[in-house]
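# What the coordinates show
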Amino acid sequence: MTSRQQCLNKPSKLGRISRVLVCAGSLLLLNSCSSLLELVQPKLATDMAVFKSGDFQLDTAHSSLVFKVKHMGLSYFVGRFNQFDANLAFDATKPEQAKLGAVVDMTSLDVVDDNFEETIKSDEWLDTEKFPKAYFETSSAKQINSETLIFNGNLTFLGVTKPVDVAVKFHGAGTNLLTYSYTIGFSAEMKFNRSDFGLDKYIPTVGDEILIEVEAEFQRN
């Protein structure tokens, strides 16, 4: 290799300095981002006894609702509803008096297959044209431990109202430093038999039990 080729292949001093500066800048940026994330991460209380009381509204941008039903006993078929709303009234001194209400837009059903989605929405299954909404309203609540409540209430589905329970596990509460709203977050689970609401097609090939899972954040009004 000639001296000229060696010179061309050898990184220049300026090039080495540039790469060092880029690396240093990247590290500083990462450290800045990490510090920023630490600043906006709220300090969360996890014991509902020290949560702030008040009336709360669902933050729909940070919440989800999915349903699961067994298919031939082999797996769970999973879908979601993209539009729903809820409100929570919570008193930290009397958590057993908490109240939860929710409404689900049944027409917002979302599954992976568009044709199957239309089949589920049809009068053969959910009949969303006749029953566009489903509702849940609590009648009482029971505290299980410092982070768990069981809400007893009524579900109105396909025009039929039946008692159901909703298990809620609070993950924490604190002031969201991006919105400046005091926020409570929880996971919730509800189970019911669809046959109780008159939807008994193809049992047991399509399971009778419906599992509803909710991830929710509520902002204090």
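To be clear, the structure that these remarks concern was listed above.
Each chain has its residues counted from 1, running along the sequence as written. Confidence filtering applies because this is a predicted model: local features only for residues at pLDDT of at least 70, side-chain atom pairs given and counted only at 80 or more, and all residues used for totals across whole chains, interfaces and linings. Think of the side-chain values as coming from all heavy atoms in the structure, minus any hydrogens and water.

## A look at the pairing of strand β9 (residues 160-176)
When DSSP finds two or more bridges between two strands, those strands count as paired. Runs of H or I in DSSP of at least four residues are treated as helices and runs of E of at least two as strands, each being numbered from the N terminus. Of the pairings in the sheet, the one linking strand β8 (residues 148-157) to β9 comprises ten bridges and is antiparallel in character. Looking at β9, one finds that Thr156 is bridged to Thr161. Count of turn residues in the β8/β9 antiparallel hairpin: two residues, of which Leu158 carries a positive phi of about 55 degrees. Sheet topology places β9 next to strand β10 (residues 181-193); ten bridges connect them, and they run antiparallel. Pairing of Val168 across the sheet is with Ala188, part of β10. Counting the residues between successive antiparallel strands, the hairpin from β9 to β10 contains four residues, one of them, Tyr180, with a positive phi of roughly 60 degrees.

## Here's the deal with helix α3 (residues 114-121)
When we look at burial in α3, the residues that qualify are Glu117, Ile120 and Lys121. Along the axis of α3, the buried positions cluster into a sector of 100 degrees, meaning they face one direction only. Think of a polar contact as two N or O atoms within 3.5 Å of one another; within protein, one of them needs to be a possible hydrogen donor and the other a possible acceptor, and neighboring residues in sequence only count if both atoms come from side chains. Capping the start of α3, Asp113 holds a side-chain oxygen 3.0 Å from the backbone nitrogen of Asn115, two or three residues further along. Burial here depends on accessible area, computed with a 1.4 Å probe over protein chains only, as a share of the maximum for the residue type. Under 20% is buried, over 50% is exposed, and the range in between is partly exposed. Directions pointing from the helix axis toward each C-beta atom define the arc.

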